[in-house]
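Observations on the model geometry
Read off the chains here:
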Amino acid sequence: MIEGGTYRDAKLGFELDLPTGATVLDESELGLVLEMAGAEGFDPARVVLTVEPAEPGVGLARLVDRALANQEPGAGLIDRQQDRLGRAAAEHTLIHREVQSVGVTLEEWRALSDGRVFTVSAACPSAAYDRHADGFAALVAGLRLTRGQRSGTATAARFDPATGMLVATEAAFEALRSAARHQPPDPAAQGDAEALSECGALVAGRPHPALERALAPTLTPALAFNLSWGDLVARGWADARSASLLVPLGTDEVRRLASLPASLLPGVLAGMVGLRPRRAPEGREAVELNPDQLGRLIAEQLGQAPAPTVQAAPPSGATEAVAGLRAHWRIDANWVEQRRREMLEVIDAERGLWLILPEESDMRLEPTHAAAIWRHPTGLIPLSSPLLAAQRQRLSVQHFELDLAEQAVDLARIEHPGAEVLGALGAAGHGEAQALVGG
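Residues numbered from 1 in each chain as written. Predicted model: local features only at pLDDT ≥ 70, side-chain atom pairs only at ≥ 80, totals over all residues. Heavy atoms only, no water.

As for the overall build of the protein chain
Heads up, the condition is: Note on conventions: DSSP H or I runs of at least 4 residues are helices, E runs of at least 2 residues are strands, and numbering of each starts at the N terminus. Residue exposure (1.4 Å probe, protein chains only): buried if accessible area is under 20% of the type maximum, exposed if over 50%, otherwise partly exposed. In this description, contact between two residues means that some pair of their heavy atoms is separated by no more than 4.5 Å. Here the open area of atoms and residues is found with the Shrake-Rupley method and a 1.4 Å probe, where only the protein chains shown may cover a residue.
In terms of helices and strands, the protein chain carries 11 helices and 25 strands. With 439 residues in all, the protein chain has 49% of them scored as buried. The contacts in the protein chain between residues at least 6 apart in sequence include a share of 58% that link residues at least 24 apart. For the protein chain, the exposed area adds up to about 21300 Å²; of that, 50% sits on carbon and sulfur atoms.

Observations regarding unusual backbone geometry
Phi angles above zero are rare outside glycine, and Ser101 is one such case at about 65°. Note that Ser101 resides in the loop between β8 (88–99) and β9 (102–113). Look at Ala204: it is not a glycine, yet its phi comes out positive at around 55°.

Some remarks on the sheet that holds strand β11 (residues 143–145)
Let me state the cut-off plainly: Two strands qualify as a pair provided DSSP detects at least 2 bridges between them.
The 4 strands are arranged β1-β2-β3-β11 in an open sheet whose pairing can be described as antiparallel. The open sheet has two free edges, formed respectively by β1 (2–3) and β11, since each of these has just one partner strand. Bridge count between strand β2 (residues 6–9) and strand β3 (residues 14–17): 4 bridges; the pairing is antiparallel. Following the sheet pairing, Asp9 is matched in β3 by Phe14.

A closer look at the pairing of strand β17 (residues 232–238)
Burial analysis of β17 places 7 of its 7 residues in the buried class, which makes it a mostly covered element. Pairing analysis gives 7 bridges linking strand β16 (residues 223–229) to β17, with the strands arranged antiparallel. Paired with Leu227 across the bridge in β17 is Ala234. Where β17 and strand β18 (residues 242–248) come together, 4 bridges link them in antiparallel fashion. Bridge pairing in β18 links Arg235 to Leu246. In sequence, β17 turns back onto β18 through a hairpin of 3 residues.

Right under this line is the structure:
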């Protein structure tokens, strides 16, 4: 909607002062397309503004890395620098490429704000760029990001008895577990239980046989764990034979239940968080800071407003460590019978991988590498053999272990920042192959 030369979209969450010569050509649920009038003798330029949900835990630098990697072969990066979109930190790139034997300049701004990715893409023939550059800059300067409208919580469930694939809310999953234990569901989740019955996941008040394998580790787990990132949490359970994961889908309260052999759990978790080799500069040193300072740095990288309690500025070493944040994730694991907790929290940024280690009152960022991190998920496989269990104990990352004799842990309530989920998980109880593919 245009009022007084300003385009407003309350649902997507932005306002745009239209510069002279700008015309709205098209509008959609993802944004709008503008045309910028060209100087005499030059064709008009096109500008596309899109707003999309952000991938959990994926920082701005990684978003831009992906966009550049997806450019056509032969495209040349002219410039990449930090900028602003409204009040949000942004990255500004300038690319030259050939389109049907014509040189084209593509100028883009990207920002993260309130869980959304804002992208402004302006393109014109390179021969006309000098005439359009000021207009592009004026348009971006007139963009203000606001809080968009979120979609409501879905209560419907989907179930495929042939594959065991289940998509439902967290409350519906708890109702399913209650049914497997022969317990009545929570009255507050009655609507979710009805949705399970309607889709066939509950039959005469009992879980469908195709869900038995996925539910088994959740009923008497040797291990319960959370993989968390941002405001989202994936829950997991494992015994000596199999593991189950309950993974959020997008930003709504919808989950997908997946089952896999316990021996495949480390590889799946590594894929979910994007664990892979990182080139890091020599001479990285550990940095001490407090939780508020770390929260401020991460919020800035994700385009969020820092908490008002943050006072002292973070040390420069911490700022450099978190710069170009690609992912921030955390695993909280609870060995049920041993009442023992293990925690792993990682920052993946331009300067490599960093462990977040708790100190007495503060915390420390310690440089690390993927091989050291890999030891943690491999230690999450429950082993029934006493000899193998002893080997697992020796291989565990010692400083992640905490005695829970005096502190019970409710993993379902942990809300720490963490991982980027890739969604490479399969149907509940449909064999090893489907545990590694989407459905």
